[in-house]
Amino acid sequence: MDAPHNTPRPGADEAPRGPGADEAMGGLSADEALRATGVTIREAGSGDAVAGVMPRWVALPESTEEVAALMRVSAGHDLAVVPVGGGTRLHWGNPPERCDLLVDTCCLNEIPEHASGDLVVRVQAGVTMESLAETLAARGQELALDVPVGGSTVGGVLATAVAGPRRLRYGTARDLLIGITVVLADGTIARSGGKVVKNVAGYDLGKLFTGSYGTLGIITEAVFRLHPITPARRWITAGLPAPRTAATGSEGSGSPVGPGTVEGSGFPVSPRAVSVALAASQAEPSAVELDWLAPSGVLTVSALVEGVAAEGRAAAVRDLLGGTAGESGTTGESGEWPVGSYGVAEGDKAPDWWGVLPGEEVLLELRVPPSGVDGALRAVARRGLPARVRGSLASAVLQVALPPEIGGPELAAFVSGVRGDVGPLGGRLTVLAAPPEQAAPVDRWGPVGALPLMRRVKERFDPDRRMSPGRLAGGI
Amino acid sequence: MALNELVRRVAGVLPAGAVITDPVRLRTYECDGLTHHRVVPGVVVLPESAEQIAAVVRLCNEYGVPFVARGAGTGLSGGALPRTDGVLIVTSKMRRILRVDLENRRAVVEPGVTNLAITEAVREHGYYYAPDPSSQQVCTIGGNVAENSGGAHCLKYGFTVNHVLALEIVTPDGDIVTLDADDPGYDLLGAFVGSEGTLGITTGVTVRLSRTPETVTTLLAAFENIEQGGQAVSAIIGGGIVPAAIEMMDALAIAAAEAAVACGYPAGAGAVLIVELDGPEAEVAHQFAEVERLCRDSGAFELRTAAGPQERAAIWKGRKSAFAAVGRISPAYIVQDGVVPRTALPNVLASIDRLSAEHGIRVANVFHAGDGNLHPLVLFDDAEPGAEERAGLVSGRILDLCIEHGGSITGEHGVGVDKSRYMPKMFTDDDLDTMQLVRCAFDPRGLSNPGKVFPTPRLCGEVPGVRRGVHPLVESGRAEQF
Ligand SMILES: Cc1cc2nc3c(=O)[nH]c(=O)nc-3n(C[C@H](O)[C@H](O)[C@H](O)COP(=O)(O)OP(=O)(O)OC[C@H]3O[C@@H](n4cnc5c(N)ncnc54)[C@H](O)[C@@H]3O)c2cc1C
Ligand SMILES: Cc1cc2nc3c(=O)[nH]c(=O)nc-3n(C[C@H](O)[C@H](O)[C@H](O)COP(=O)(O)OP(=O)(O)OC[C@H]3O[C@@H](n4cnc5c(N)ncnc54)[C@H](O)[C@@H]3O)c2cc1C
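All figures in this text were calculated on a predicted structure; none of them were measured in a lab.

All names here are of chain A. Ordered in space as β1-β2-β4-β3, the 4 strands form an open sheet in which the pairing is mixed. Edge positions in the open sheet fall to β1 (40-43) and β3 (81-84), since each of these has one partner strand only. Taken pair by pair, the neighbouring strands of this sheet meet at an average axis angle of 25°, ignoring direction. Sheet topology places β1 next to strand β2 (residues 57-60); 4 bridges connect them, and they run antiparallel. Looking at β2, one finds that R42 is bridged to V58.

Here's what the structure looks like:
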């Protein structure tokens with residue numbers, strides 16, 4: 001792969017040329033043309049690098065129209081553009097092939113409309129998830145996506161398509177998004193969907209832009225369906241004994257349906273069995289999460305029950321967990337939950353690891369059909385590395401953090417080993433974050449069946465490859 | 001002629017009897033549920049597998065012949081309207097449920113399987129397929145995917161798009177591709193659902209199965225007028241309750257239902273509301289008491305609670321028969337489908353009343369009140385000169401009202417041929433052009449269900465300026481990479 005350039009290209013500051021150049025720009029340099037838009041522009045500093053690639057400028061638009069003006073200039077001057085929200089996950093994905101202009105959405109920070117009677121909110125892309133939550137809570141409502149701490153924005157959450165624990169009950173961002181406004185590479189402003197939840201007029205561009213990592217255009221506004229804030233929440237947390245033979249990876253087909261029995265899974269109590277029992281339970285948990293330090297730590301499972309009758313339902317979950325986790329065993333591996341045995345704890349506070357990514361530098365996402373969850377955990381354990389695994393047990397979407405100092409070849413071996421094991425289970429492994437040097441020998445995304453179609457979509461939306469080029473699978 | 005040649009070649013890739021050219025038999029496919037649009041298809045094929053569909057589509061490409069998919073033909077927007085110069089691909093021979101996987105809460109089915117058949121296959125195990133269009137006994141899952149169909153219970157559970165985990169499709173060039181919800185990158189699965197057959201043909205669907213709720217409770221509340229009913233709806237939603245369904249009928253719709261099925265709704269009701277709650281027993285019990293109180297506070301003069309499945313069916317009977325029932329009170333009618341923000345319902349209903357009075361056209365209102373999805377039934381006498389035109393006008397004006405109030409021209413029936421001319425009222429040219437970029441990515445030749453959804457087809461052309469490899473600035477020596 002070509003190394004990204006990290007100083008301004010000499011050509012970028014010159015007058016536009018070629019057929020792509022906009023006559024109306026009247027021979028302005030890129031710098032002059034950007035400034036002529038009236039949008040606040042500053043020179044990029046070392047803190048603005050995108051996965052190691054330095055942009056030349058940072059723009060701070062305040063409206064969709066301003067974003068469009070920037071994009072028109074970028075089109076005329078062949079500037080590569082990367083959008084940035086809170087910048088918390090800007091290192092996710094491949095480094096961009098090039099980046100001239102960073103479009104910072106921080107000033108797209110308004111919530112133009114909270115129609116609480118309709119349970120709908122229209123929000124600009126740069127609004128942080130916390131401030132959105134605050135506004136909605138004032139009227140007893142919420143966007144039922146888990147709010148990650150620390151400045152992540154609506155646009156960033158959509159563009160990375162990640163979701164927290166409550167995906168089990170409410171789905172992910174794409175399920176709650178009902179309208180979107182985007183600006184394309186050539187400055188076209190386009191909307192789809194609307195302000196009503198039920199709407200099948202036209203294609204749903206919002207779906208296309210979730211998970212797009214800034215490669216199709218810039219999201220400037222979104223409309224979401226909301227939920228009333230639930231009156232009560234109970235977390236029921238239990239420890240499952242550490243796997244016996246996990247590190248040596250004894251093979252087996254996992255347990256049959258029904259809690260308790262595990263043959264050859266390596267886990268004295270099968271996480272898969274726990275997951276099946278909870279997912280099928282009439283207590284309807286909103287989330288069932290797992291936290292585990294592989295290869296040999298105790299597994300902690302925590303279920304969230306929400307709603308008016310949370311207490312009664314929590315009791316049902318407790319019985320289930322108690323029944324599966326049993327009273328046997330010794331003390332839990334850490335002080336994270338109050339256990340004397342592998343008992344069950346209940347309370348109205350989440351465990352401190354709840355909804356927090358298990359790590360930052362080297363982070364992977366492992367997805368399997370729920371029945372494959374024991375196999376997936378075993379696949380991680382077999383590699384013998386200390387790996388923190390966390391995420392939705394019931395949806396079987398798990399994040400895996402590896403030691404930051406892991407070497408490239410070791411990472412590559414981990415990735416291909418786990419892929420080899422979970423492939424037959426119908427699973428997939430994606431590298432969300434890894435420093436470029438370490439990730440160089442790794443295919444971050446793994447095989448994607450629909451890649452040729454995605455590539456064709458990219459070619460139509462961004463034929464000149466100027467939007468976050470190369471960040472996604474297959475160099476999209 | 002290209003089509004004749006194509007028919008000959010198609011017969012070679014399909015089983016005997018799977019190609020229909022007999023004019024009489026072709027006529028049975030001339031329309032879908034929207035019967036005033038009729039076109040006899042050039043040829044009908046009844047493939048049995050994805051490979052056969054792919055082979056047909058590849059031949060269509062070779063000859064530049066358009067193709068249209070058809071499931072059960074219950075669509076209400078003319079989406080499955082055939083082309084005289086094209087092939088109609090009917091999925092009626094692809095009706096197998098391939099796999100039921102309860103542990104993973106999913107089933108894999110062929111596109112011609114009916115919506116209800118999926119639920120029937122898993123009901124005894126305590127599961128069901130959540131989206132429940134009223135046409136569920138007949139309509140196919142392939143049609144549901146194409147229309148992103150919903151049902152009375154989509155208020156709480158969402159639409160087809162929220163319940164499909166993966167699709168196998170034949171692209172408009174004839175490739176078989178899987179779109180998986182777990183794939184990283186663009187959510188092509190989500191974009192394909194609701195695309196009305198214009199991005200390719202669904203040949204396999206992996207659906208999510210849901211657990212049958214522990215309890216279901218159904219309430220019928222009768223009000224003197226529709227305003228009171230609307231107020232109850234607002235109070236319930238505003239009170240933080242998300243019922244499985246909230247349906248409303250006005251006096252005219254009630255009268256029709258009484259005439260047709262003698263549903264026995266409370267006498268003198270100007271509006272009835274059906275509220276259904278489901279979920280964990282303790283939660284439902286608590287919320288039900290609250291709903292009863294809110295209905296009373298809003299002026300309900302009679303409340304009935306269904307004690308069991310039979311009584312529940314009795315409550316639903318009137319609502320479910322409403323469309324067909326208006327046939328009892330009017331020789332002809334138009335079923336409209338539009339959406340407004342729920343809080344705009346009182347305003348919009350008052351405007352519909354005015355429109356109705358102004359044009360001398362009766363309108364019966366039946367709607368999914370919880371999500372503001374109106375199904376006005378515009379009644380007219382087709383024997384009366386000019387009545388049909390006036391009804392058409394009223395029906396169109398109702399869509400204008402929906403747009404004015406920030407709603408949508410369709411909540412579940414789709415755009416098809418029927419509403420494409422309204423698309424420019426709801427969207428700008430730029431919006432529509434951008435949507436058609438997706439079309440061009442999937443179907444650059446415009447062969448898959450052309451003429452639907454978009455009023456003006458976009459000529460796709462070659463992808464302009466696609467560049468791979470070295471950047472021109474580098475090539476010209478004006479920049480270097482290191
Ligand atoms: C279980 C779980 C827990 C998490 N916990 C946390 C947490 O504790 N803290 C946290 O910050 N995050 C957390 N996340 C991740 C978080 O949800 C988002 O992925 C992230 O915060 C992105 O927001 P951002 O504004 O910082 O995006 P950025 O880092 O600015 O951008 C991320 C990507 O999105 C693109 N992008 C940004 N804005 C736009 C736009 N308007 N249009 C188009 N593309 C755009 C960027 O180009 C980039 O590729 C968690 C995720 C999971 C699954
Ligand atoms: C009495 C009645 C009640 C109804 N109630 C509801 C309701 O409550 N909610 C609701 O949402 N709708 C409702 N509908 C509308 C209709 O039933 C739905 O749109 C349904 O999904 C259509 O399914 P179908 O198999 O009949 O599709 P068809 O009518 O055959 O086709 C509909 C569209 O789907 C496309 N299509 C069909 N199969 C495929 C495939 N395999 N691949 C790609 N494209 C395909 C067609 O080209 C066409 O554009 C109702 C209709 C009737 C007649």
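The subject of this paragraph is the site of ligand 1. Residues and elements named next belong to chain A. The environment of ligand 1 is formed by 32 residues, the closest being P83, T88, R89, S152 and T153. In this structure, an oxygen atom belonging to ligand 1 sits 2.7 Å away from a main-chain N or O atom of G86. I219 places a polar main-chain atom, nitrogen or oxygen, 2.9 Å from a nitrogen atom of ligand 1. Protein contact buries 96% of the 960 Å² of open area that ligand 1 shows by itself. When residues of the shell around ligand 1 are traced back to their parent elements, those giving at least two are β3, α4 (154-160) and β10 (218-225). Ranked by residue count, the leading element in the shell around ligand 1 is α4, at 5 residues. When grouped by side-chain class, the residues that make up the shell around ligand 1 number 15 nonpolar, 15 polar and 2 charged. Looking at the shell around ligand 1, you find at least three residues from each of domain 1 (23-107 + 458-475) and domain 2 (113-228).

Applying the stated criterion across every chain, the model contains 48 salt bridges over all chains. For R465 of chain A, the salt bridge is made with E97 of chain A, and the minimal N-O distance between the two is 2.7 Å. Of this pair, R465 of chain A sits in the segment after α13 (451-461) while E97 of chain A sits in the loop between β3 and β4 (101-104), and the two are 368 residues apart along the sequence. Since its relative accessible area comes to 19%, R465 of chain A is described here as buried. The exposure class assigned to E97 of chain A is partly exposed, which follows from its relative accessible area of 39%. Residue R304 of chain B is joined to E302 of chain B by a salt bridge in which the shortest nitrogen-to-oxygen separation is 3.0 Å. Residue R304 of chain B is classed as partly exposed on the basis of its relative accessible area of 29%. Under the relative-accessibility criterion, E302 of chain B is labelled partly exposed at 29%. Through salt bridges with shared partners, a single network forms among E142, D146, R166, R233 and E306 of chain A.

All names here are of chain B. Scanning the entire structure with this criterion turns up 5 cavities of 30 Å³ or more. Size it by volume and the largest cavity reaches roughly 200 Å³. Split by residue class, the lining of the largest cavity holds 12 nonpolar, 2 polar and 6 charged. Together, I226, E227, G230, M248, L345, P346 and L349 line the second largest cavity. When contributions to the lining of the second largest cavity are tallied by element, the ones reaching two or more residues are α8 (226-238) and α12 (345-359). Counted by class, the lining of the second largest cavity contains 5 nonpolar, 1 polar and 1 charged residues.

The next subject is the packing of helix α9 (residues 251-261) of chain B against helix α11 (residues 309-325) of chain B. Residues and elements named next belong to chain B. The N-to-C vectors of α9 and α11 enclose an angle of 95°; their axes lie 8 Å apart at closest approach. Our classification of the angle between α9 and α11 gives roughly perpendicular. Across the interface between the two elements, A256, A257, A260 and V261 of α9 pack against K317, G318, S321 and A325 of α11. Considered class by class, the residues forming the contact of α9 with α11 number 5 nonpolar, 2 polar and 1 charged.

Moving on to unusual backbone geometry. Residues and elements named next belong to chain A. The omega torsion of the bond from A294 to P295 falls at 5°, within 30 degrees of zero and hence cis. Within the secondary structure, P295 sits in the loop between β13 (287-294) and β14 (299-306). A positive phi angle is found at L119, which is not glycine, with a value near 55°. Locating L119 in the fold gives a position in the loop between β5 (113-115) and β6 (120-124).

Residues and elements named next belong to chain A. Per-residue confidence for chain A gives a mean pLDDT of 86; residues scoring 70 or more make up 85%. For the stretch residues 1-13, pLDDT sits under 50, and the model shows 36 contacts to residues farther than four places along the chain or on other chains. Note that residues 16-24 has pLDDT below 50 and, in this model, 13 contacts with residues that lie over four places away or in other chains.

Ranked by size, the top nonpolar core spans 133 residues in total, and within it L208, F224 and F461 of chain A together with L188, C295 and F442 of chain B carry the most contacts. When residues of this core are assigned to their parent elements, the largest contribution, 7 residues, is made by helix α13 (residues 387-404) of chain B.

Turning to the packing of aromatic side chains, a few remarks are in order. Two descriptors summarise a pair of aromatic rings, namely the distance from one centre to the other and the angle between the planes of the rings. Following the criterion strictly, the structure yields 5 aromatic pairs over all chains and no others. When the ring of F209 of chain A is compared with that of F461 of chain A, the centres are 6.2 Å apart and the planes differ by 70°; the resulting orientation is edge-to-face. With a gap of 252 residues between them, F209 of chain A in helix α7 (residues 205-209) and F461 of chain A in helix α13 connect regions that are remote in the sequence. The burial state of F209 of chain A is the same as that of F461 of chain A; both residues are buried. Grouped by ring-pair contacts, the aromatic residues W235, W353 and W354 of chain A constitute a single cluster. Geometry around Y127 of chain B places R211 of chain B over its ring, the cationic atom sitting 5.5 Å from the centre. Here the basic side chain of K320 of chain B rests over the ring of W316 of chain B, its NZ or CZ set 5.5 Å away from the ring centre.

Judged by side-chain charge, D186 of chain A together with D429, D430 and D433 of chain B come together as a negatively charged surface patch. Secondary-structure assignment places D429 of chain B in helix α15 (residues 429-442).

Residues and elements named next belong to chain B. Taken together, 32 residues form the shell around ligand 2, and within it A69, G71, T74, S135 and T140 come nearest. Within the side chain of N144, one N or O atom sits 2.8 Å away from an oxygen atom of ligand 2. For ligand 2, the protein covers 93% of the area, taking 980 Å² as the surface of the free molecule. Taken together, the elements giving at least two residues each to the shell around ligand 2 come down to β3 (67-70), α5 (141-147) and β10 (201-208). By residue number, the principal contributor to the shell around ligand 2 is α5, which donates 5 residues. Among the domains, domain 1 (2-90) and domain 2 (97-211) are the pair contributing at least three residues each to the shell around ligand 2.

Basis of the calculations
- Residues numbered from 1 in each chain as written.
- Chains lettered and ligands numbered in written order.
- Predicted model: local features only at pLDDT ≥ 70, side-chain atom pairs only at ≥ 80, totals over all residues.
- Heavy atoms only, no water.
- Pairing = 2+ DSSP bridges.
- Helix = DSSP H or I, 4+ residues; strand = E, 2+ residues; numbered from the N terminus.
- Axes fitted to C-alpha atoms, helices over the stretch in contact; angles between N-to-C directions.
- Near = heavy atom within 4 Å.
- Polar contact = N/O pair within 3.5 Å; in protein donor to acceptor, adjacent residues only side chain to side chain.
- Areas by Shrake-Rupley, 256 points an atom, 1.4 Å probe, with all protein chains shown as cover.
- Nonpolar A, V, L, I, M, F, W, Y, C, P; charged D, E, K, R; others polar.
- Domains from an automatic or database assignment.
- Salt bridge = Lys/Arg side-chain N within 4 Å of Asp/Glu carboxyl O.
- Buried < 20%, exposed > 50% of the residue type's maximum accessible area, 1.4 Å probe, protein only.
- 1 Å grid on protein atoms, 1.4 Å probe; cavity = no way out; pocket = protein on both sides within 12 Å on 5 of 7 lines; lining within 4 Å.
- Points joined across faces, edges and corners; volume = space filled by probe spheres on them.
- Parallel < 35°, antiparallel > 145°, perpendicular 65-115°, else oblique.
- Contact = heavy atoms within 4.5 Å.
- pLDDT = per-residue confidence, 0-100.
- Core = buried A, V, L, I, M, F, W, Y, C linked by side-chain atoms within 4.5 Å.
- Phe/Tyr/Trp six-rings, centres within 6.5 Å; stacked < 30°, edge-to-face > 60°.
- Lys NZ or Arg CZ within 6 Å of the ring centre and 35° of its normal.
- Patch = residues over 30% accessible without salt bridge, like charges linked within 9 Å, V, L, I, M, F, W, Y side chains within 5 Å.
- Lys, Arg positive; Asp, Glu negative; His and termini not counted.
- Charge placed at Lys NZ, Arg CZ, Asp CG, Glu CD.

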